[in-house]
Every structure is written in C-alpha cells, then in structure tokens.
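# Breakdown of the fold
Listed here are the chains, written in short residue letters.
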2 protein chains.
Amino acid sequence: MAGTAGDALAIGIDVGGTNIRAGLVDDDGSIHDREQVATPDDAEARMTAMLDLVARLSERADVDRLPVGVGAAGLVDLDGVVRYSPNLDWRDAPVRAELAAALDVDVRVENDAAAAAWGEYRAGAARDVDGGALMLTIGTGVGGGLIMDDRLIRGNAGIGGEFGHLIISEGGARCPCGNRGCLEALASGTAIGRRAAAALADGGDSALRDVDEVTGTAVTRAARDGDALAVEVLAEVGCWLGVGIASLVNSLDPGVVIIGGGVLSAGSLFLDPATEAYHARVIAREHRDVAPVLRAELGDDAGLIGAALLALARHA
Amino acid sequence: MAGTAGDALAIGIDVGGTNIRAGLVDDDGSIHDREQVATPDDAEARMTAMLDLVARLSERADVDRLPVGVGAAGLVDLDGVVRYSPNLDWRDAPVRAELAAALDVDVRVENDAAAAAWGEYRAGAARDVDGGALMLTIGTGVGGGLIMDDRLIRGNAGIGGEFGHLIISEGGARCPCGNRGCLEALASGTAIGRRAAAALADGGDSALRDVDEVTGTAVTRAARDGDALAVEVLAEVGCWLGVGIASLVNSLDPGVVIIGGGVLSAGSLFLDPATEAYHARVIAREHRDVAPVLRAELGDDAGLIGAALLALARHA
C-alpha cells in the first residue's frame, strides 16, 4: 500500500476554505492513499481534523511519524505561522509548531499556491524542467508560486510569489487588496464575471442574460456554447493574464510558466489569448529561450502533493 | 596596501558604456586600490584593457591570481557570456571563459545592476540586513537586482531582476524594449526628461524653457532651484517609481528596497513621492514588516564592489 520499500513517504495536507484534503505521497509525487473532510470553521477543530487525517493515513499505511507538509490558503510566514487567511479564521496561528509538537515529526507549512507550484514543478507539468518555474493558480482569485535555482522563493516574511497583486494597470480595476490594476483584479474568475456583467450592462447580446449570477463559471459555460460576448470576455481577460505573464517573465526570467486553477476549464478560449498577449511582449527573445506556458497537470492534488514533497525536500 | 593578513581579496571590474573601473576589494567590501580606463569600442581591445587593469592592480598589491568578478552592462547568461549589451558591441561574448583562461583564476560575470545590488546588500545600504534585498538602479534606464535567501536571483537565462521591464501601466508610455508602460518607460531619467518636455509643450511656465536639452539632469537642477514645473514632474515620475516598488514588494516580499543611480541626485524631491506612493499600496502591512526604502550608499563603486564580493562568495 505504501509504495515499494525504500520510497521516502510524507503526508501532504491541503487546507482550503471548503475541504481539507490529505494524501500519503511518495518522493515521486504519487499519491498512495488519501482522506478528506469538510474544513471546520473553528481553528481548534481544524487542528484536530488535520491530526485525525494524519492518524488515519498513517494507520492504514502501517507507518509511523512521517514528515508532514501543509499548504494553507493564506499568508504563511517562514516559521509556518498562518498570519492571516482570507477564508479561514486563522490569525497568527502557529500551525507548524502545533502539528510538530502533537505529532513529534518534521512539519512544513507553506501557502497553498506555493505548495501547488512546487508540486507541479517536481511532479506535474514542469517535472522535466530543471531549476525554476513560475506558477499562477487562477480561480476566484490569483495565487502564485516561484521556484528559482531549485528553491521555493518565500520572501522576507513568506509572502514571496503573491503574483495576484502584481500591479499591471495602475489606476485600473479595483482589487480586494485595496489597490487598482492588480493581476487578480484583471485576470481571475471574479474578473471574468465582472467584465461579463459590465458588457451585459452595456447592452451586449448574450445567453448570459438568462443566468442567475454572471460568474466566471457561467461565462465559461456560455463561451463553450459559442456565446460571442462570453468568448470576447474570456479573450479580453486572458489578454490581461498575458500581460501579467510577460511582466513576470521579462523581469524574473523563470524557466517555465504554469497556469492552474479553475480557469483551466475555459481551456484555449482563455489560454490562447493569454499566450498570444504574452508572446507579443516577451523581450530579449533573440538572446534566450522564451519560457513556455504550460497547463497544470495535477489539478486539485497539486497542493497536497507539493506540500508532501516540500516536507521531504528540506533544502528547498 | 592589500589589507591586513588573512583578508580575502578579489578584483572587481565594472564595465560601463563610458569607463571600465576596477578595484582591489576585500571581503568587507573595502576598496584598497583602484584603476580606470575609458571603455574601448572594440570587444578585443576591451578584453585587453580588462586584463591590463587586473595586471596593474595585482602587481601593485604584490598578489597573484586573485579571483575576479565582473559587472557588465548587458544581458549576461549563467555561464558569464554577455549575450547582448545595449551600449557595447558585445554579442554572445564568452567574457567569463576568456578572462578565466587568460588569468587562470576563478571569474564570475554578472549584469552590472545585479552586481551593484549584491554590493549594496553585502557592503552598502543593506549591509545590516539578512536574507534579501531588491535594488533598482535608476539612471537613463532602470536596472535591477534581486537577492533572496542570501542568494542572487539570476533566473533561467540570467535575466532575473530586470525590473525595468516590469509592466505597471499596460498601454502607457512606450519603452525602448517595444512594450508599453514598463517601469523604465515611466520612472527613469529618460522619463523625467520626456515628461518635462511634454509639460513644456502643454504651455507650462518653467525655467526649463531656457535649457538646450530637457534631460533628467536639467529637470533635477531646475527643481532644486525651486522651479514648480520641474518639481511637479519629479513628483509625478517618483510616484510611478512608488507604484513599481509596491508591485514588486507585494508580489516578491524582499526584506528591503534599495534605490540607486543618477536619480538619487534629485533626493527627496523624487524619493519622497516614490515612498509615499509605495506606502499607500503596500498590502498585508498588518501581518509583516513593510520593506523600507533605502538610498544606495556605494555610488559608482557598487558594481565593482559587488562583482568582487560575488567572486568571493561562490554560493550566492
């Protein structure tokens, strides 16, 4: 059950706003067993739930005291303290220290998008790439992760890689962070819904007039059914993503760019305009390889796989 | 002359469009001796000049075969090949390999702004900072350097840290790179001159009407003499710098930000608006220290000091 003898194993946990997902993961990133529970609202209950998931996975695998990696939706500092989470009532919660004390194992806690980036880099879309990758996870918001020199870049306080708040259009659309023109404000599921609602308000003709709520998902569905307004909105928002990718590639020079998250369901309707806008803006292309844009391959498992692999790869 | 016994020494060379400056530098970043020549136009003559500077410094110091670090104005790849330089006719020039072969020592070649960032981080404005720093060198253009986890971030092809081409205002002012709204297009000496010329064309009253060429230097001089239009232009361009700093800090989370380059001569007329615009846009400030903005301290020596220290600090 727990892989062939000699495999290094770890438990990866992805703590999201809806579910806590955990898996027994080997050092190739293969998931050997998994567990899931709804995320408790209460911080203490959340800790208990995480410990319970670890106990169940360990017991079934008949292994003890495996290293644990956690990807948490929120701002995680270098000590594994969740300083703040937009969706969970975690404030300065010492998640790493509490899990380590309760389990008596090495525990690593990182931002969930950073963990997902590591998962895709080591075991997913960029598993054949050496050295570096930049990942954007685009769902309701935009998460990011940066790997350079085979190391996860965490920044001074652990906020490194928050590319959702790259400012690409100063003075533009308002972002929940308070700034204007952030990548998240222009190229997220929320942005898709907002742009479509604005186009409808401008009198555009569209099947979206009949939906209850103009979300990114509704727009994607309409676009796939050939709705011209929805197609145009996806292309426009995709173009903003391309601007963000170009800004990041031109200034940081990652080896590859990986796009993940719910927006992948829009497929090439979104990613082709993004890639085109990006390619139109890559500089110094005659002096280097242009970082390719890859689609994430691990889906919802990227975070827990990456968290487990980070727990195994201490140098990173 | 060559420092007290036991000091590690290296020779740092800064190859700019106008001069090649070299220094005998110890591991604290102190310059013990220096040499300088006008930069030859010809690539072979430039190599000969660099070897000559090394020979003279080594002879006077009575030391042999010191490691050599070079900061070069241009795109330098991970093998120390200058792929391209905007101001020098270097194309795919294997500067590191040629110097290493001629001198039979370890040689490191980096982009000049990256070398300057390392110099300020280890021996200048951020010498008391651990872990990371982001530096912007603002002259005619904008150079950048990023240090994270005590390592210089070089990117996949050596272009990491080119923050002059961060896009902060998509569709905005045209940049020499071909894109619009790059930091360099909005917050450089060139941008200051261009904005002042535009303000004059709009009929603005200013002593700048009497100067031959409305350069960043001329605007700075006028601003210091109290010229209202010049002061306003510096504030406006400084504000764009603040937007760029905010975008970088919010997404990369460096420990400190260092501003260097010719624009420092404008002092607080430029840096105060920049800092104000930056502070207005820092997110998550309640959950971390806000990276302070420091003025570079090493002036024109930052590049050669940083290059020498990089030659001594191979891990970075």
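Reading the values: rules and limits
- Residues numbered from 1 in each chain as written.
- Chains lettered and ligands numbered in written order.
- Predicted model: local features only at pLDDT ≥ 70, side-chain atom pairs only at ≥ 80, totals over all residues.
- Helix = DSSP H or I, 4+ residues; strand = E, 2+ residues; numbered from the N terminus.
- Rg over C-alpha atoms; globule rule 2.2 N^0.38 Å.
- Contact = placed C-beta atoms within 7 Å.
- Pairing = 2+ DSSP bridges.
- Axes fitted to C-alpha atoms, helices over the stretch in contact; angles between N-to-C directions.
- Core = buried A, V, L, I, M, F, W, Y, C linked by C-beta atoms within 7 Å.
- Buried ≥ 20, exposed ≤ 12 C-beta atoms within 10 Å, placed from the backbone.
- Least-squares fit on C-alpha atoms with pLDDT ≥ 70 in both.
- Domains from an automatic or database assignment.
- Nonpolar A, V, L, I, M, F, W, Y, C, P; charged D, E, K, R; others polar.

Looking only at helices and strands, chain A has nine helices and 13 strands in total. Against the globule reference of 20 Å for 316 residues, chain A gives a C-alpha radius of gyration of 20 Å, in line with a compact fold. Its C-alpha atoms give chain A principal-axis dimensions of about 60 × 50 × 35 Å. When contacts within chain A are restricted to residue pairs at least 6 apart in sequence, those whose partners lie at least 24 apart make up 62%.

Bringing the environment of A:Ala230 into the picture now. Residues and elements named next belong to chain A. Structurally, Ala230 can be placed in helix H7 (residues 228-252). Taking C-alpha positions, Ala230 is 28 Å from Glu162, a pair spaced 68 residues apart along the chain. Excluding anything up to four places from it in sequence, Ala230 contacts Ala196, Ser206, Leu208, Val219, Ala222 and Ala223.

Right, let's talk about the sheet that holds strand S2 (residues 19-26) of chain A for a bit. Residues and elements named next belong to chain A. Ordered in space as S3-S2-S1-S4-S8, the five strands form an open sheet in which the pairing is mixed. Two strands lie at the open edges of the sheet, namely strand S3 (31-38) and strand S8 (107-111), each paired on one side alone. Put simply, the sheet's adjacent strands are angled 15° from each other on average, direction ignored. In this sheet, S8 lies alongside strand S4 (residues 68-72) in parallel orientation, the contact comprising five bridges.

Judged by nonpolar contacts, the single largest core of 225 residues is most densely connected at A:Ile13, A:Val68, B:Ile13 and B:Val68. Contacts of A:Ile13, omitting those with residues within four sequence positions, involve A:Ile20, A:Ala22, A:Met50, A:Leu53, A:Val68, A:Val70, A:Leu304 and A:Ala307.

Quick look at the sheet that holds strand S5 (residues 75-76) of chain A now. All names here are of chain A. Read across the sheet, three strands follow the order S5-S6-S7 without closing on themselves; strand pairing throughout is antiparallel. The sheet is open, and its two borders are formed by S5 and strand S7 (91-93), each paired with just one other strand. Pairing analysis gives two bridges linking S5 to strand S6 (residues 82-84), with the strands arranged antiparallel. By the bridge assignment, Val76 is partnered in S6 with Val82.

Superposition record for chain A on chain B: RMSD 0.0 Å, screw rotation 180°, translation along axis 0.0 Å. What the superposition gives is, in effect, a two-fold axis relating one chain to the other. Of the interface residues in chain A, 100% have counterparts in chain B that sit at the interface too, so the contact is made through matching surfaces.

Residues and elements named next belong to chain A. By the assigned domains, chain A splits into domain 1 (9-118 + 301-312) and domain 2 (129-296). Distance between the C-alpha centres of domain 1 and domain 2: 27 Å. Listed per partner, the contact involves twelve residues of domain 1 and 15 residues of domain 2. Broken down by secondary-structure element, the contributors of at least two residues to the side of domain 1 that touches domain 2 are S5, helix H3 (112-123) and helix H9 (302-312). Classifying every residue of the side of domain 1 that touches domain 2 gives ten nonpolar, no polar and two charged.

Quick look at the environment of A:Ala116 now. Residue and element names in this part refer to chain A. With respect to the secondary-structure elements, Ala116 resides in helix H3. With 33 C-beta atoms packed within 10 Å, Ala116 lands in the buried category. In sequence terms Ala116 and Gly306 are 190 residues apart; their C-alpha atoms lie 5.3 Å from each other.

This paragraph deals with the pairing of strand S9 (residues 133-138) of chain A. A regular strand carries its side chains on alternate faces of the sheet. Residues and elements named next belong to chain A. Burial of S9 is extensive: six of the six residues sit out of reach of the surface. Burial of S9 is two-sided: the residues Ala133, Met135 and Thr137 facing one way and the residues Leu134, Leu136 and Ile138 facing the other way are all buried. Here S9 runs beside strand S10 (residues 142-148); their pairing, made up of six bridges, is antiparallel. Pairing of Thr137 across the sheet is with Gly143, part of S10. As judged from the four bridges shared by S9 and strand S12 (residues 257-260), these two strands associate in the parallel manner. Residue pairing for S12: Leu134 is matched across the bridge by Val257.

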